[in-house]
Amino acid sequence: MTVDSSAARKPRRSAAGKAGTTGSSTGTTGTKRTSRTTKKSSDPELVQLLTPEGKRVKNAEYEAYVAGITPEELRGLYRDMVLTRRFDAEATALQRQGELGLWASLLGQEAAQIGSGRALNDDDYVFPTYREHGVAWCRGVDPANLLGMFRGVNNGGWDPNSNNFHLYTIVIGSQTLHATGYAMGVTKDGADSAVIAYFGDGASSQGDVAEAFTFSAVYNAPVVFFCQNNQWAISEPTEKQTRVPLYQRAQGFGFPGVRVDGNDVLACLAVTKWALERARNGEGPTLVEAYTYRMGAHTTSDDPTRYRGDEERQSWEAKDPILRLRRFLEASDHADEAFFTELEAESEALGRRVREAVRSMPDPDHFAIFENVYADGHALVDEERAQFAAYQASFADAEAEGV
């Protein structure tokens, strides 16, 4: 069913008065960790076309957008998700080995990204955050090019206009304004393309996002706001970000919102196609909330065990987007064992290629951080540079002394 803002259900509330809270658990260290179930009868309905068990379900409003999908295209969606996950795992490993300074994993969000990414036309324009590795894959950006910034050797690594895929945006929420302005320009140019902006549940609390909603609604901009609600804004759960389901925020700005099962690649594909079609037809913006889960850490500098329990992750593992589609492919005889075996070999080859590409990159300039801070220099920056130089030199002294 459609879950637009005019027919939204009221969010479930706990005894503590927090929307969506269902309880908590305490780890052995005494740190309070939230433990929440993810679906109750009083929760808003999800647009879903593929159940966690891999069974196809019909949806009167969105079925038409995937009705003609072929077995080959289904295998393509599965391949996209598998290769994206393999690349993401390799990048995480490279960071742990000291090859990257940081990495933001998409583990668990493959369906939301691949489904929405494959809904785009070539002339549509994408404004990502720093976690849209699956969308980058769909836009033809070489995975190795994503890693230069995380290694500290470039500021992006690709030409945004070559793939209509903007550089990763680190500042939370600002890309929604960029997307809105670009979409307003598309309208003035008389083009029939659409724009999509990705952001997370935490970014939905940023003022930039509210401003983007306002301008896009007033100027009827052809933009889709695609929110991947992965339940956690670093250590803050969604119920501390909002008192209502996120998709309902669109109502106050005057455009429709819909909540889709973010672990269902078919539903994400269908709903995003619908939203992009609205944009191209001059019907204005749409907010899509992809209800999914971040299976890993926020970034490699985060430890999710400090704020959430294992049982929550385990409940979402049963909804794994890749396993879900594999079950459907196998039950429908759309893929045989040879397909999965060949794909496994392809994914390992991708991992090796990415690993070799990163290790062939130059080392970052450790002192570049001190450059271009002030146009005319600054005494404090000079002092910090000298302190850092002494720190770096201490390693060479230790090696010389055989420590």
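Presented here is a report on the structure given in the accompanying data block. What you see is a predicted model, and the numbers here were worked out from it, not measured in a lab.

## Some thoughts on the nonpolar core
(1) Moving on: Y78, L147 and L325 are the most contacted members of the largest nonpolar core, which totals 68 residues.
(2) Moving on: With 11 residues, the single largest contributor to this core is helix α9 (residues 265–280).
(3) Moving on: Setting aside residues no more than four positions away along its own chain, L325 makes contact with L50, L74, L77, Y78, M81 and V265.
(4) Moving on: Counting residues in each nonpolar core, the second largest holds 20 residues, with Y125, A179, V195 and A221 among its members.

## Concerning the side chain of N164
(1) Moving on: As for its position among the elements, N164 is in the loop between α5 (160–163) and α6 (174–189).
(2) Moving on: Among the polar contacts listed, one links the side chain of N164 to the backbone oxygen of D123, at a separation of 3.4 Å.
(3) Moving on: Once residues lying within four places of it in the same chain are set aside, the contact partners of N164 are D122, D123, D124, Y125, V126 and R139.

## Re the packing of aromatic side chains
(1) Moving on: In total, this model carries 29 aromatic pairs according to the counting rule given.
(2) Moving on: Consider the rings of F215 and Y219, whose centres lie 6.1 Å apart with planes at 10 degrees: the pair is stacked.
(3) Moving on: On the accessibility criterion, F215 (43% relative accessible area) is partly exposed.
(4) Moving on: Using a relative accessible area of 49% as the deciding quantity, one classes Y219 as partly exposed.
(5) Moving on: When the centroid spacing of 6.5 Å and the interplanar angle of 35 degrees are considered together, the rings of F253 and F255 count as tilted.
(6) Moving on: Owing to a relative accessible area of 4%, F255 belongs among the buried residues under this scheme.
(7) Moving on: Each member of the aromatic cluster is reached from another via a ring pair, and the members are F87, W103, F150, W158, F165 and Y168.
(8) Moving on: Lying over the aromatic face of W316, K319 brings its terminal NZ or CZ to 4.2 Å of the ring centre.
(9) Moving on: For the cation-ring pair, R326 lies above F340, with the distance from its terminal atom to the ring centre recorded as 3.8 Å.

## Looking at the environment of A318
(1) Moving on: Considering the arrangement of structural elements, one finds A318 in the loop between α10 (310–317) and α11 (321–331).
(2) Moving on: Spatially, the C-alpha atom of A318 lies 8.6 Å from that of E53, the residues being 265 residues apart in sequence.
(3) Moving on: With near-sequence residues (within four places) excluded, A318 lies in contact with P52 and R327.

## A look at the pairing of strand β9 (residues 286–291)
In the case of a regular strand, side chains alternate between the two sheet surfaces.
(1) Moving on: Taking burial as the measure, the 6 residues of β9 include 6 buried ones, the bulk of the element.
(2) Moving on: Judged by which residues are buried, β9 turns out to be covered on both faces: T286, V288 and A290 on one side and L287, E289 and Y291 on the other are all buried.
(3) Moving on: Summarising the sheet, strand β5 (residues 223–229) and β9 pair through 6 bridges and their orientation is parallel. What sits directly across from V224, in β9, is T286.
(4) Moving on: Note: strand β8 (residues 257–261) against β9, 5 bridges, orientation parallel. Counterpart to G257 in the pairing with β9 is L287.

Criteria and cut-off values
Residues numbered from 1 in each chain as written. Predicted model: local features only at pLDDT ≥ 70, side-chain atom pairs only at ≥ 80, totals over all residues. Heavy atoms only, no water. Core = buried A, V, L, I, M, F, W, Y, C linked by side-chain atoms within 4.5 Å. Buried < 20%, exposed > 50% of the residue type's maximum accessible area, 1.4 Å probe, protein only. Helix = DSSP H or I, 4+ residues; strand = E, 2+ residues; numbered from the N terminus. Contact = heavy atoms within 4.5 Å. Polar contact = N/O pair within 3.5 Å; in protein donor to acceptor, adjacent residues only side chain to side chain. Phe/Tyr/Trp six-rings, centres within 6.5 Å; stacked < 30°, edge-to-face > 60°. Lys NZ or Arg CZ within 6 Å of the ring centre and 35° of its normal. Pairing = 2+ DSSP bridges.

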